[in-house]
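Coordinate inspection notes
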Amino acid sequence: MTQFRIAPPDMPLIRASEITPKEVFLNRRQWLAGAGALTSAAGLLAPSAQAAQVIEPLAAKPNKAFAPSDAPTDKKLATTYNNYYEFGTSKSAPANEAATLTVRPWSVEVTGEVAKPRRIDLEELMRLPLEERIYRFRCVEAWSMVVPWIGFEFRHLAALVEPTSKARFVRFTSVARKEEMTGLRTAVPVLDWPYTEGLRLDEAMNPLTLMSVGMYGETLPNQNGAPIRLVVPWKYGFKSAKSIVKIEFLEQQPTSSWTKSAMHEYGFYSNVNPNVDHPRWSQKRERLLPSLFASRETELFNGYTAQVASLYSGMDLKANF
Ligand code: MTE
């Protein structure tokens with residue numbers, strides 16, 4: 001396949017073998033560039049359009065326990081209809097703008113209430129047991145998708161740093177680079193950057209909680225949160241922070257960017273629940289993309305009751321929305 005190099009000349013070309021463990025590296029690298037960037041005359045390109053994304057084939061054993069009855073959403077749709085406010089607030093902005101984010105090299109600082117705090121390179125994280133799991137994914141805006149994620153269980157990462165007995169919560173922080181993220185350059189910030197989200201420790205340690213490094217058999221596109229993001233399928237999509245650079249184990253419950261922006265709209269738990277409406281979106285029904293109609297009934301915990309209901313036994317889910 002032809003290799004396109006449209007990044008600035010001082011941007012080093014990274015060899016695929018350097019960024020992907022051998023066992024998951026199947027083919028030669030592919031440079032996938034935005035069609036617009038390829039067809040534009042180089043001199044007319046805005047700086048934000050000059051970078052190219054690197055998307056690699058990524059093999060992972062399918063975990064057959066996670067196979068919803070619905071077929072996976074079309075890949076094109078799942079990678080062009082996104083929420084990633086650091087690149088703009090429209091659904092199409094992330095796919096158009098996110099190529100500017102440098103995703104290699106990458107590391108995640110893991111700290112807080114742990115015996116062995118450390119910065120962990122992406123390469124090491126990608127050697128944790130990767131699986132492909134097809135999860136339902138539900139946005140608070142009441143649309144949903146079915147996505148074949150590739151990732152490892154969060155608890156495997158936790159084992160590397162050994163949380164102490166004081167750890168009760170986990171905070172996830174996304175990358176925030178003004179020079180690489182158009183949405184961070186707005187006169188009035190849309191959110192309190194960097195984007196942060198939190199989970200209770202037992203939620204994070206639930207085997208369903210995935211750190212995703214790929215989707216549809218490839219590494220993550222930037223607009224979906226490359227190179228590593230959270231996927232918590234029984235909660236509304238905004239809990240699943242993208243492009244994570246920091247993970248902290250905490251004694252106290254953290255506040256998230258969304259809760260800070262509107263505490264009555266975005267609660268800490270944000271479990272998918274047809275009986276608890278968001279002030280602006282009824283959660284009774286959902287629109288499985290590409291459908292235009294909210295023709296499906298929302299399932300409690302997005303259908304993952306068997307795996308997660310015990311986390312909330314005795315809790316008032318309306319008060320703890
Ligand atoms: N993470 C960051 N850093 N910034 C964001 O704007 N949007 C959230 C979540 N994670 C968001 C984020 C929301 S609202 C949703 S619905 C999902 O990402 C969308 O994930 P997807 O684009 O892969 O479908």
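To be clear, the structure that these remarks concern was listed above.
Below: a short report on this structure. (Residues numbered from 1 in each chain as written. Predicted model: local features only at pLDDT ≥ 70, side-chain atom pairs only at ≥ 80, totals over all residues. Heavy atoms only, no water.)

1. Some thoughts on the packing of aromatic side chains
- With the rule as written, the count across this model stands at 15 aromatic pairs.
- On the basis of an interplanar angle of 70 degrees and a centroid distance of 5.6 Å, the ring pair of F137 and W149 is categorised as edge-to-face. In this pair, F137 is assigned in strand β6 (residues 131-138) and W149 in strand β7 (residues 143-153), connecting sequence segments twelve residues apart.
- According to the relative accessible area criterion, F137 is buried, its value standing at 10%.
- Given a relative accessible area of 1%, W149 falls into the buried group.
- An aromatic cluster is built from F169, F268, Y269, F301 and Y312, whose rings are joined through pairwise contacts. (Phe/Tyr/Trp six-rings, centres within 6.5 Å; stacked < 30°, edge-to-face > 60°. Helix = DSSP H or I, 4+ residues; strand = E, 2+ residues; numbered from the N terminus. Buried < 20%, exposed > 50% of the residue type's maximum accessible area, 1.4 Å probe, protein only.)

2. Here we look at the layout of surface pockets
- In this structure, the second largest pocket encloses a volume near 450 Å³.
- Along the wall of the second largest pocket there are 30 residues; nearest its centre are N83, Y84, G237, F238 and K242.
- For the lining of the second largest pocket, the element with the highest residue contribution is β7, accounting for four residues.
- Taken together, the residues of the lining of the second largest pocket break down into 19 nonpolar, six polar and five charged. (1 Å grid on protein atoms, 1.4 Å probe; cavity = no way out; pocket = protein on both sides within 12 Å on 5 of 7 lines; lining within 4 Å. Points joined across faces, edges and corners; volume = space filled by probe spheres on them. Nonpolar A, V, L, I, M, F, W, Y, C, P; charged D, E, K, R; others polar.)

3. Thoughts on the pairing of strand β8 (residues 169-174)
- Of all six residues making up β8, five are buried, and the element is well covered by its neighbours.
- Across five bridges, the pairing between β8 and strand β9 (residues 196-200) is antiparallel. Following the sheet pairing, F169 is matched in β9 by R200.
- Inspection of the sheet shows β8 paired to strand β13 (residues 244-250) by six bridges, in the antiparallel sense. From the neighbouring strand, F169 faces β13, where its bridge partner is L250. (Pairing = 2+ DSSP bridges.)

4. Quick look at the site of the ligand
- With respect to spatial proximity, 16 residues lie near the ligand, and among them N82, Y85, E86, R229 and K242 are the closest.
- Here an oxygen atom of the ligand sits 2.6 Å away from a polar atom, N or O, in the side chain of R229.
- Here K242 contributes a side-chain N or O atom positioned 2.7 Å from an oxygen atom of the ligand.
- Considering the ligand on its own, with 530 Å² of exposed area, one finds that the protein chains cover 98% of that surface.
- Given that more than half its atoms are within 2 Å of the pocket grid, the ligand belongs to the second largest pocket.
- Taken together, the residues of the shell around the ligand sort by class into seven nonpolar, six polar and three charged. (Near = heavy atom within 4 Å. Polar contact = N/O pair within 3.5 Å; in protein donor to acceptor, adjacent residues only side chain to side chain. Areas by Shrake-Rupley, 256 points an atom, 1.4 Å probe, with all protein chains shown as cover. Sits in = over half its atoms within 2 Å of the grid points.)

5. So, unusual backbone geometry
- Here the amide bond leading from W193 into P194 is cis, since omega sits at -5 degrees, within 30 degrees of zero.
- Relative to the helices and strands, P194 is located in the loop between β8 and β9.
- Cis geometry is found at the peptide bond from L289 to P290, where omega equals 10 degrees.
- Phi angles above zero are rare outside glycine, and S243 is one such case at about 40 degrees.
- Examined against the element boundaries, S243 turns out to sit in the loop between β12 (229-231) and β13.

6. Quick look at empty space enclosed by the protein
- Here the structure, examined in full by the defined rule, presents one cavity of 30 Å³ or more.
- The calculated volume of the largest cavity comes to roughly 40 Å³.
- Put simply, the parts of the chain that give the lining of the largest cavity at least two residues each are β7 and β14 (285-288).
- Ranked by the residues each element gives to the lining of the largest cavity, the list is headed by β7, at three residues.
- Within the lining of the largest cavity, the residues separate by chemical class into three nonpolar, two polar and four charged.

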